Amino acid sequence: MTAIDPTTLNDEARAARKARLFTRINTADKWFQVLGLSWMTPLLKAAAGDNPRAQLSEIWRLLVVPLLAISAFLVMWATLAPQVQTSLGAIPGPAAVWEEAKNLHGDAQAKAEKRAKHEERVDKRNERFIANGQPEKVKDIPFTGAPSYYAQIATSIKTVFFGFLIASVVAIPLGIAAGLSATANAALNPLIQIFKPVSPLAWLPIVTMVVSAVYVTQDGWFAKSFLVSAITVTLCSLWPTLINTALGVSSIDKDLVNVSKVLKMNTWTKITKLVLPSALPLIFTGLRLSLGVGWMVLIAAEMLAQNPGLGKFVWDEFQNGSSQSLAKIIVAVLTIGIIGFLLDRVMYALQSLFTFTNNR
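So, how was this worked out
- Residues numbered from 1 in each chain as written.
- Predicted model: local features only at pLDDT ≥ 70, side-chain atom pairs only at ≥ 80, totals over all residues.
- Heavy atoms only, no water.
- Patch = residues over 30% accessible without salt bridge, like charges linked within 9 Å, V, L, I, M, F, W, Y side chains within 5 Å.
- Areas by Shrake-Rupley, 256 points an atom, 1.4 Å probe, with all protein chains shown as cover.
- Salt bridge = Lys/Arg side-chain N within 4 Å of Asp/Glu carboxyl O.
- Helix = DSSP H or I, 4+ residues; strand = E, 2+ residues; numbered from the N terminus.
- Buried < 20%, exposed > 50% of the residue type's maximum accessible area, 1.4 Å probe, protein only.
- Core = buried A, V, L, I, M, F, W, Y, C linked by side-chain atoms within 4.5 Å.
- Contact = heavy atoms within 4.5 Å.
- Axes fitted to C-alpha atoms, helices over the stretch in contact; angles between N-to-C directions.
- Parallel < 35°, antiparallel > 145°, perpendicular 65-115°, else oblique.
- Left-handed = near helix turned anticlockwise from the far one by under 90°.
- Nonpolar A, V, L, I, M, F, W, Y, C, P; charged D, E, K, R; others polar.

Caption draft 1: Local environment of a nonpolar patch on the surface. Side chains of Trp31, Val346, Leu350, Leu353 and Phe354 sit close together on the surface and give an oily, nonpolar patch of about 470 Å² of accessible area. It is helix H12 (residues 325-354) that contributes the most residues to the nonpolar patch, four residues altogether. With respect to the element layout, Leu350 can be found in helix H12. The exposure class of Leu350 is partly exposed, given its relative accessible area of 34%.

Caption draft 2: Here's a closer look at the environment of Ala131. Summarising the element assignment, Ala131 is placed in helix H4 (residues 94-131). Look at Ala131 and you get exposed, because its relative accessible area is 67%. With 12 residues separating them in the primary sequence, Ala131 and Glu119 have C-alpha atoms 18 Å apart.

Caption draft 3: Geometry of the environment of Glu127. Inspection of the secondary structure assignment puts Glu127 in helix H4. Residue Glu127 is classed as exposed on the basis of its relative accessible area, which comes to 54%. Placed 11 residues apart in sequence, Glu127 and Val138 show a C-alpha to C-alpha distance of 8.1 Å.

Caption draft 4: Representation of the nonpolar core within the structure. Judged by nonpolar contacts, the single largest core of 44 residues is most densely connected at Tyr149, Val160, Trp295 and Leu310. Going through the elements one at a time, H4, helix H5 (149-180), helix H7 (200-214), helix H8 (224-250), helix H10 (267-305), helix H11 (310-320) and H12 are the ones with two or more residues in this core. For this core, the element with the highest residue contribution is H10, accounting for 12 residues. Not counting chain neighbours up to four residues away, the residues in contact with Val160 comprise Val233, Leu291, Gly294, Trp295, Leu298 and Leu343. Formed by nine residues, the second largest nonpolar core is a distinct cluster that contains Ala167, Ala171, Leu188 and Ala246.

Caption draft 5: A look at the packing of H7 against H8. Axis separation between H7 and H8 bottoms out at 9 Å; the angle between their running directions is 135 degrees. When the axis of H7 is compared with that of H8, the two are oblique. Once H7 is placed against H8, the crossing between them reads as right-handed. Across the interface between the two elements, Pro200, Trp203, Leu204, Val207, Thr208, Val211 and Ser212 from H7 touch Lys224, Leu227, Val228, Ile231, Thr232, Leu235 and Cys236 from H8. Residues that form the contact of H7 with H8 fall into these classes: 10 nonpolar, three polar and one charged.

Any functional reading would require information beyond the geometric quantities listed.
Given below as structure tokens:
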């Protein structure tokens, strides 16, 4: 009977554990890329002992270089900002902007406490009337205080998603029609070429007048300012999705189209089973572009129309003219950029879930 060397068994067990570990790391890498944390993969591989020299090179490229670039930007900002004098004083540096960000956070917390106390008082008032047998005096008294910075951020995000959703519902079916039919493409192409370059500042007055004329109710689901901003986002952001959808549908492998004819698929089955799965990567590319365009358009629309949101916050601070206004505006600019990045990551995550290709 041949004896089995325990050392060999231990080596095989370690190799199996190492293989499982690297499988988990490679699986996690997909989500690291979605979250913008791709530098985590070489870091974990180096810690697991996978060619540390090669992994250090990746860590340098994916983590150290971006951190050095951000550090250089902050140093240049801190050095050059005090030298630029404006009517509101010198441009604030990173430290002043960070301090103002903390002040905005504290102000938001204070306003949240005021709102909570107001709602508590209203609840107690209504409970008292109900207990006294006077339900007709029960009222929902809204909080009339100024919105906090976080409330304005939430308003802008809700508005851009609503406008983006309408744009997607309109653009994807039109893009499919344009991709499948040369006649539909010929009909839509001149409209796309004419309206795609139109600025949101040109759409805004038209949308404002149309919404004011059509949406006359005072107790509807949406405020007029919300609809004006959302529809302006829709009109400016639907074009990338429409164009990319049409391109993705028209680029489907002709063999698949021939198979659908042989199988005598109806139009709905053809679209759901062949067209959409094949065109999804380009459709999601269009959706990501549309969401980015919509976010930029929204800020401009809120500034011009004075609708609630981050754009109005920036404009109000510009008009305020206090010594802290510039720092608050820069906080808003950084917030807009970070939210834009996060919105793109959300769409990238959805694309990763619903598409099965590396051509993102």
